[in-house]
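As a plain string of letters, each chain reads:
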Amino acid sequence: MLNVKNLTAGYEAKPILKNVSFDVKKGEFFGIAGPNGCGKTTLLKSLTHLIKKENGEIILDGKPIEKYSAKDFAKKAAVLPQMSPQTFSYTVKETVALGRYAHKRGLFHTWTEHDEQIVQSVMEQTGVRHLESAQISECSGGEQQRIFLAQALAQEPEILLLDEPTNHLDLSFQKELMDLLKQWTLERKLTVISIFHDLNLASLYCDRILLMENGEVMAVDAPKKVLKEELIEEVYNTSIQKQAHPSVAKPQMLLVPEYIEKNQSPEINDSFLTIGESHLVIQSPMPLKTLSSGVTGAGLGWHRSFMIRRVPPEYSHLNYQEEMANYLIENDFDPMETVGFMTAVNLEDAAYHLYRASAFSVFILVTAGTANAIDASKHEDFRDEYLSPGTINTWIFVNGKLSEEAFIQGIVTATEAKVKVMQDEEIIDPTTGTTATGTSTDSISIAATQSGEEHPFAGTMTALGQMISRGVYECTRKAVHNYRKRISN
Ligand SMILES: Nc1ncnc2c1ncn2[C@@H]1O[C@H](COP(=O)(O)OP(=O)(O)OP(=O)(O)O)[C@@H](O)[C@H]1O
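Residues numbered from 1 in each chain as written. Predicted model: local features only at pLDDT ≥ 70, side-chain atom pairs only at ≥ 80, totals over all residues. Heavy atoms only, no water.

**So, the sheet that holds strand S10 (residues 216-221)**
Read across the sheet, six strands follow the order S6-S7-S8-S3-S9-S10 without closing on themselves; strand pairing throughout is mixed. The two strands at the open ends of the sheet, each matched to only one other strand, are strand S6 (77-80) and S10. Averaged over all neighbouring strand pairs, the angle between strand axes comes to 15°, with direction disregarded. Pairing geometry for strand S3 (residues 29-33) and strand S9 (residues 208-213), over four bridges, is parallel. Within the sheet, the bridge partner assigned to Ile 32 lies in S9 and is Leu 210. Taken strand by strand, helix H5 (residues 141-154) contacts S6 and strand S7 (159-163), and its axis lies near 170° from that of S6. (Pairing = 2+ DSSP bridges. Helix = DSSP H or I, 4+ residues; strand = E, 2+ residues; numbered from the N terminus. Axes fitted to C-alpha atoms, helices over the stretch in contact; angles between N-to-C directions. Contact = heavy atoms within 4.5 Å.)

**With respect to the pattern of salt bridges**
Two side chains of opposite charge can pair, provided their charged atoms sit close to one another. Taken as a whole and judged by the stated rule, the model has 21 salt bridges. Glu 28 is the salt-bridge partner of Arg 208, the closest N and O atoms lying 2.5 Å from each other. Here Glu 28 lies in the loop between strand S2 (14-24) and S3 and Arg 208 lies in strand S9, a separation of 180 residues in the sequence. A relative accessible area of 5% means that Glu 28 is categorised as buried. One salt bridge in this structure joins Asp 207 and Lys 182, with 3.3 Å as the shortest N-O distance. Taken together, the residues span a long stretch of sequence, with Asp 207 in the loop between helix H7 (199-205) and S9 and Lys 182 in helix H6 (residues 171-187) at a distance of 25 residues. Among the charged side chains, a salt-bridge network with shared partners connects Asp 61, Lys 76 and Glu 158. (Salt bridge = Lys/Arg side-chain N within 4 Å of Asp/Glu carboxyl O. Buried < 20%, exposed > 50% of the residue type's maximum accessible area, 1.4 Å probe, protein only.)

**Observations concerning the nonpolar core**
In terms of nonpolar packing, the biggest core is built from 48 residues, with Val 96, Leu 149 and Leu 160 touching the most fellow members. If one sorts the elements of this core by residue count, H5 sits on top with seven residues. Contacts of Leu 149, omitting those with residues within four sequence positions, involve Leu 80, Thr 126, Leu 160, Leu 162, Leu 177, Leu 180 and Leu 181. Listed in part, the 32 residues of the second largest apolar core include Val 366, Leu 402, Val 421 and Cys 475. (Core = buried A, V, L, I, M, F, W, Y, C linked by side-chain atoms within 4.5 Å.)

**A closer look at the packing of H5 against H6**
With their axes 12 Å apart at the nearest point, H5 and H6 run at an angle of 10° to one another. Compared by their axis directions, H5 and H6 come out roughly parallel. Within the contact between the two elements, H5 uses Arg 146, Leu 149 and Leu 153 and H6 uses Phe 173, Leu 177, Leu 180, Leu 181 and Trp 184. Looking at the contact of H5 with H6 residue by residue, the classes come out as seven nonpolar, no polar and one charged. (Parallel < 35°, antiparallel > 145°, perpendicular 65-115°, else oblique. Nonpolar A, V, L, I, M, F, W, Y, C, P; charged D, E, K, R; others polar.)

**Observations concerning the environment of Ser 239**
Structurally, the position occupied by Ser 239 is in the loop between helix H9 (229-236) and strand S11 (240-244). Through-space distance from the C-alpha of Ser 239 to that of Val 256 is 6.2 Å; in sequence the pair is 17 residues apart.

**Focus: helix H1 (residues 40-47)**
Burial analysis of H1 places six of its eight residues in the buried class, the great majority of the element. When we look at burial in H1, the residues that qualify are Lys 40, Thr 42, Leu 43, Leu 44, Ser 46 and Leu 47. Positive backbone phi, at 65°, marks His 49, one or two positions downstream of H1.

**Digging into a positive patch on the surface**
On the surface, a cluster of positive charge is contributed by Lys 224, Lys 225, Lys 228 and Lys 242. Relative to the elements of secondary structure, Lys 242 occurs in strand S11. Note on Lys 242: relative accessible area 36%, which makes it partly exposed. (Patch = residues over 30% accessible without salt bridge, like charges linked within 9 Å, V, L, I, M, F, W, Y side chains within 5 Å. Areas by Shrake-Rupley, 256 points an atom, 1.4 Å probe, with all protein chains shown as cover. Lys, Arg positive; Asp, Glu negative; His and termini not counted. Charge placed at Lys NZ, Arg CZ, Asp CG, Glu CD.)

**Observations regarding the domain arrangement of the protein**
Per the domain assignment, the segments of the protein are domain 1 (2-255) and domain 2 (270-488). Inter-centroid distance (C-alpha atoms) of domain 1 to domain 2 is 51 Å. (Domains from an automatic or database assignment.)

**Some points on the sheet that holds S2**
The strand order across the open sheet formed by four strands is S2-S1-S4-S5, and the pairing between neighbours is antiparallel. The sheet is open, and its two borders are formed by S2 and strand S5 (63-64), each paired with just one other strand.

**Regarding the pairing of strand S16 (residues 338-343)**
Across the six residues of S16, six count as buried, placing the element largely inside the fold. In S16, alternate side chains face the same way, and those of Thr 338, Gly 340 and Met 342 on one face and Val 339, Phe 341 and Thr 343 on the other are all buried. Where strand S15 (residues 299-310) lies against S16, six bridges are found, and the strand directions are parallel. Paired with Ser 305 across the strands is Thr 338, a residue of S16.

**As for the packing of aromatic side chains**
In total, this model carries nine aromatic pairs according to the counting rule given. Each ring, one from Phe 306 and one from Trp 395, has its centre 6.2 Å from the other, and the planes form 75°; the classification is edge-to-face. Taken together, the residues span a long stretch of sequence, with Phe 306 in strand S15 and Trp 395 in strand S20 (residues 392-399) at a distance of 89 residues. Of the residues examined, Phe 306 reaches a relative accessible area of 0% and is grouped as buried. In this structure Trp 395 comes out as buried when scored by relative accessible area, which is 0%. With a centroid separation of 5.0 Å and 85° between ring planes, the pair formed by Phe 306 and Phe 397 is classed as edge-to-face. Of this pair, Phe 306 sits in strand S15 while Phe 397 sits in strand S20, and the two are 91 residues apart along the sequence. Among the aromatic residues, those joined into a cluster by ring pairs are Phe 306, Phe 341, Tyr 352, Phe 363, Trp 395 and Phe 397. For Lys 63, the ring lying beneath its charged end belongs to Tyr 68, and the centroid distance is 4.5 Å. Between Arg 188 and the ring centre of Trp 184, over which it is positioned, the NZ or CZ distance is 3.9 Å. (Phe/Tyr/Trp six-rings, centres within 6.5 Å; stacked < 30°, edge-to-face > 60°. Lys NZ or Arg CZ within 6 Å of the ring centre and 35° of its normal.)

**Examining the environment of Asn 36**
If you trace the backbone, Asn 36 turns up in the loop between S3 and H1. Since its relative accessible area comes to 69%, Asn 36 is described here as exposed.

Below, the structure is given as structure tokens:
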């Protein structure tokens, strides 16, 4: 659809674009990104022939753009420029109707039913129909943005060029506009070329992103190939962290504020622990990055409070997550910030210990009941009765900085250590009569202060992994002893 080859362009005596080359396919959603002043708008202006190139080629549908008359070009391509204050005043409908100009012939233009249909339809789709009689100067920035988009769409272009289209839009209109454009690329094969400052939005919607720096192309590729930490940090000259979008397989780039990076956090140990009759709690002075299987706060997140709540052995609740959240609120904990676990064992039997190395430390806490002991390798054996109390809850607090791999490896390491306790303590699965590997409702949480020494890994060959396995082994064994002692009395 569009082929740009060795484009060099700029302003009088000021070359901006240097040897820019890329192709855009029909129906593609193509993003242009890069730091302020790198030449994004200049590139868009070159593509629409608003500034003359010094060198190179811009071919639109097989024909150099300078060979198009203004009207023929407008039938092919529509432009949504960066928003600027409106000095003239048309009504909204008049403004949108101007988009039909490219399709008129001769001096006296007649307004056809088809024109009216198109204008009504694009006003509907961009959500400005209710404003059709309003003066455009009286519309808000976001409304004006949508009105000019409607004008561009009324042109029925094959290619739409946009300069930061979401600039004035609130979150819901950003999403609506992007969804609408994406839908047009997929269903009508509209080609969209858009400048983005928001890399995350570009990642979600673009098929490919052209990343620029100082008028040059740094990368043109799929979002996952362009949005790489090192490349973005280098081009934007700032620190960035990449992470996956929680529900779409697209990368998201997150800023890392300097003041947080420099924060030093206190060591998490038993001075933050309180054990009551109905719950035990670690209350951290700052949020900890956590991976857990808690009843609340499950998955990866940041949490300040960690609770193991004692419930009666017969506890059964259809909506136990909501019930737990209510319990947290009643006890002045924020369910959003709390990793909440349950157990039926006596909380005084929890075993905990702080393990220190020279540059980091790990605080482990385990509660254990083994009545529901189970041999995970004998999954085929029928069991449906719930014996109680019977859960092993494992908490690992790392005073250090963990990578995501280390979080996962920490859980693997802890699980291996727990299984070894089951063997060494000869805990038997009552259904199969074989050695158990855990209980049927075990839960685990690993939390880290994310300051201090960095730990890329936490397998059993690393110092951190060895500390976790030793700590979980010792604390689980002690918690099992405490539990056995209590039930034997
Ligand atoms: N009309 C002009 N005359 C001379 N120089 C200009 C003109 N317009 C822009 N420039 C310069 O060209 C360079 C690139 O500007 P351009 O607007 O293309 O960057 P951009 O990447 O779109 O920036 P931003 O992200 O800030 O919108 C800048 O140094 C700018 O000062």
